[in-house]
Amino acid sequence: MTNSLDKFSVLIGLDWASKKHDVCIQKSNTDTRQFKVIKHSPEDIDDWLCSLHNEVKGPIAIAVELSSGPIVYALQKYSYVTVFPIHAATLARYRQAMFPSGAKDDPSDAELALDLMLKYPEKIKPLKPSSDASRALNLLVEQRRVLVEDKRRAVNRLINALKQYYLLPLAMFSHRGSDLFCEFLLTWPTFKQLKRAREKTIRAFFSKRGGNAVANTDKRIKAINDAMALTEDSSVIEPYSLLSVSLCNQIILLNKSIKAYDVKIDELFNQMPDADIFASLPGTGPCLAPRLLAAFGEDRSRFSSAQEIQNYAGLSPVTERSGNKEWIHWRWQCSTFIRQTFVEWSAKSVHQSYWAGLYYEKQRAKGKAHQAAVRALAFKWARILFKCWQTKTPYNEARYLKALKERNSSLLST
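Computed from a predicted structure; not experimentally measured. (Residues numbered from 1 in each chain as written. Predicted model: local features only at pLDDT ≥ 70, side-chain atom pairs only at ≥ 80, totals over all residues. Heavy atoms only, no water.)

### Observations regarding the overall build of the protein chain
Phase 1 of the analysis: Within the protein chain, the regular secondary structure consists of 19 helices and seven strands.
Phase 2 of the analysis: For 414 residues, the compact-globule estimate of 2.2 N^0.38 gives 22 Å, and the C-alpha radius of gyration of the protein chain, at 28 Å, exceeds that figure by more than 25%.
Phase 3 of the analysis: Expressed as a percentage of its 414 residues, the buried residues of the protein chain come to 42%.
Phase 4 of the analysis: Considering only contacts within the protein chain whose residues lie at least 6 apart along the sequence, 61% involve residues at least 24 apart.
Phase 5 of the analysis: Within the structure as shown, the protein chain displays about 22900 Å² of accessible surface, and the carbon and sulfur contribution to it stands at 52%.
Phase 6 of the analysis: Treating the 60 positive side-chain charges of the protein chain as one cloud and the 42 negative ones as another, the clouds have centres 8 Å apart. (Helix = DSSP H or I, 4+ residues; strand = E, 2+ residues; numbered from the N terminus. Rg over C-alpha atoms; globule rule 2.2 N^0.38 Å. Buried < 20%, exposed > 50% of the residue type's maximum accessible area, 1.4 Å probe, protein only. Contact = heavy atoms within 4.5 Å. Areas by Shrake-Rupley, 256 points an atom, 1.4 Å probe, with all protein chains shown as cover. Lys, Arg positive; Asp, Glu negative; His and termini not counted. Charge placed at Lys NZ, Arg CZ, Asp CG, Glu CD.)

### As for the packing of helix 5 (residues 132-165) against helix 14 (residues 285-296)
Phase 1 of the analysis: Contact geometry for helix 5 and helix 14: axes closest at 9 Å, N-to-C directions at 130°. As summarised for this structure, helix 5 and helix 14 are arranged oblique, according to the angle between their axes. The way helix 5 lies across helix 14 gives a crossing that is left-handed. Across the interface between the two elements, L137, N138, V141, R144 and R145 of helix 5 pack against C287, P290, R291, L293 and A294 of helix 14. (Axes fitted to C-alpha atoms, helices over the stretch in contact; angles between N-to-C directions. Parallel < 35°, antiparallel > 145°, perpendicular 65-115°, else oblique. Left-handed = near helix turned anticlockwise from the far one by under 90°.)

### Let's talk about the confidence of the model for the protein chain
Phase 1 of the analysis: In this model, the protein chain carries a mean pLDDT of 89, and residues with pLDDT of at least 70 account for 93%.
Phase 2 of the analysis: When pLDDT is averaged over each element of the protein chain, helix 12 (residues 234-269) comes out on top at 98 and strand 6 (residues 318-322) at the bottom at 54. (pLDDT = per-residue confidence, 0-100.)

### Overview of helix 14
Phase 1 of the analysis: The end-to-end C-alpha distance of helix 14, which contains 12 residues, comes to 17 Å, matching closely the 16 Å that a straight helix rising 1.5 Å per residue would cover.
Phase 2 of the analysis: The buried count for helix 14 comes to nine of 12 residues, which makes it a mostly enclosed element.
Phase 3 of the analysis: Restricting attention to buried positions, one finds in helix 14 the residues L288, A289, P290, R291, L292, L293, A294, A295 and F296.
Phase 4 of the analysis: Next to the buried residues of helix 14 lie helix 5, helix 12, helix 13 (275-279), helix 15 (306-312), helix 16 (336-349) and helix 18 (370-391).
Phase 5 of the analysis: At the C-terminal side of helix 14, G297 shows a positive phi close to 80°. (Expected span 1.5 Å × (residues − 1).)

### Let's talk about the nonpolar core
Phase 1 of the analysis: F278, F342, W345, W355, W381, L385 and Y395 are the most contacted members of the largest nonpolar core, which totals 49 residues.
Phase 2 of the analysis: Counting residues per element, this core draws most heavily on helix 18, which supplies 12 residues.
Phase 3 of the analysis: For W345, the contacting residues outside a window of four places in its chain are L281, P282, G283, T284, L288, L292, W381 and L385.
Phase 4 of the analysis: Counting 31 residues, the second-largest nonpolar core is a separate cluster that includes L158, I159, F205 and I237. (Core = buried A, V, L, I, M, F, W, Y, C linked by side-chain atoms within 4.5 Å.)

### A few points about the packing of aromatic side chains
Phase 1 of the analysis: The final tally for this structure, using the stated rule, is 25 aromatic pairs.
Phase 2 of the analysis: Consider the rings of Y165 and Y240, whose centres lie 6.5 Å apart with planes at 15°: the pair is stacked. One end of the pair, Y165, is in helix 5; the other, Y240, is in helix 12, and 75 residues separate them in sequence.
Phase 3 of the analysis: The partly exposed category is assigned to Y240, whose relative accessible area is 28%.
Phase 4 of the analysis: Between Y395 and Y400, the ring centres sit 6.4 Å apart and the planes meet at 50°, which makes this aromatic pair tilted.
Phase 5 of the analysis: On the basis of relative accessible area, Y395 is assigned to the buried category, the value being 9%.
Phase 6 of the analysis: When its relative accessible area of 17% is taken as the criterion, Y400 is described as buried.
Phase 7 of the analysis: Linked through ring pairs, F278, F296, F303, Y312, F342, W345, W355, W381, F386, W389, Y395 and Y400 together constitute an aromatic cluster.
Phase 8 of the analysis: Between R209 and the ring centre of F205, over which it is positioned, the NZ or CZ distance is 3.8 Å. (Phe/Tyr/Trp six-rings, centres within 6.5 Å; stacked < 30°, edge-to-face > 60°. Lys NZ or Arg CZ within 6 Å of the ring centre and 35° of its normal.)

### Here we look at the environment of K219
Phase 1 of the analysis: With respect to the helices and strands, K219 occurs in helix 11 (residues 217-226).
Phase 2 of the analysis: Taking the C-alpha atoms as reference points, K219 and M172, separated by 47 residues in sequence, lie 8.4 Å from one another.

### Brief notes about the side chain of S41
Phase 1 of the analysis: Within the fold, S41 resides in the loop between strand 3 (33-39) and helix 1 (42-56).
Phase 2 of the analysis: The exposure class assigned to S41 is buried, which follows from its relative accessible area of 16%.
Phase 3 of the analysis: There is a polar contact of 2.5 Å between the side chain of S41 and the side chain of D44. (Polar contact = N/O pair within 3.5 Å; in protein donor to acceptor, adjacent residues only side chain to side chain.)

### Points about a positive patch on the surface
Phase 1 of the analysis: Where like charges cluster on the molecular surface, the positive patch consists of K362, K366, K368 and R375.
Phase 2 of the analysis: Positionally, K368 belongs in the loop between helix 17 (354-365) and helix 18. (Patch = residues over 30% accessible without salt bridge, like charges linked within 9 Å, V, L, I, M, F, W, Y side chains within 5 Å. Salt bridge = Lys/Arg side-chain N within 4 Å of Asp/Glu carboxyl O.)

### Some points on unusual backbone geometry
Phase 1 of the analysis: In this model, K392 sits at a positive phi of 55°, which is unusual for a non-glycine residue.
Phase 2 of the analysis: Here K392 lies in the loop between helix 18 and helix 19 (397-406).
Phase 3 of the analysis: Even without being a glycine, N408 presents a positive backbone phi close to 55°.
Phase 4 of the analysis: Within the secondary structure, N408 is located in the segment after helix 19.

### Brief notes about the sheet that holds strand 4 (residues 60-64)
Phase 1 of the analysis: One open sheet accounts for five strands, arranged 3-2-1-4-5; its pairing is mixed. At either margin of the open sheet sits one strand with a lone partner, and together these are strand 3 and strand 5 (81-85). With direction set aside, neighbouring strand axes in the sheet form an average angle of 25°.
Phase 2 of the analysis: Pairing geometry for strand 1 (residues 10-15) and strand 2 (residues 20-27), over six bridges, is antiparallel. (Pairing = 2+ DSSP bridges.)

Below you can see the structure in the form of structure tokens.
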């Protein structure tokens, strides 16, 4: 047993599931292993851990195939439990090496997780608990993104439905996911109903909502007066108008939910000690700054170099060699959400940062597509942000441009 695990009285490999968890238990200074099945309920988990802790009278190490989720949250309640997260791909490849036939069994996976923790302690590092605010922020930004994706799908379905029977609203509005657009369709879900409406009623609708809705009223009324129906077939209009109304209700509810998340995220983000670092980055705004903060976390020992955060975010290209052949591809084993966060931020920074704009244009001039150029920019931003994070220093564009000039960077050459 390695020295780093000597402090634990018992070591456990756990294979989780939605209804039960298989565990492989090995007590300190023994090679004997015991297998058990624990039901996934707070009471059963508590009974098992409390009785085990009373028996061994010491800390417990548990290796599990994930770093978050119900079982991890349940284990983190106990001060004497340390969780060792194992990447799913690592466990899968280790299983394949041990069982070339491809056989998979839950008790075996629990034992494999225990073996990985024992044999590779330098690779399988303990999960360090973050503050309550940090964990909450991480969950909130991920859940908000899920709602945004749900909205995007609903908006795309709504646009497709309108294309089948009612083109006019698509021509009148550019923001098809807004409350205004949905409320317009809920008020006049078909072309015939809109045509029957009085001009005074339509003007009152837009006037009540203010802003650009009022400014564009005359143009929209003219479009209504000049428009013709795409179809008058009721067998098409009735089903699609019902679908449109249903989707509009969903989008309005999603908009309300996303706004509620924005309020809570902003509240938590501004409480975080590193908030000023991520808020100082060009192009982050109220959405991406919290996502970047959640990606880095609070533990500054988590990443020892910029390359580690680049690898973690899936920004570093991977080179594979076999004989005389060599090929490069992007990193597959990474958090899609984290990579998406960096890439979206980099795209925004092109218009907010002078040097980022220059770098993007040079990448495009080399023949790279937009996404490839943005990913290359994200790779550079990750290094800069890592330095800011490590030194607890907000980003300063003028200072960075000065450093580029002092180094005679080719980026600033004309």
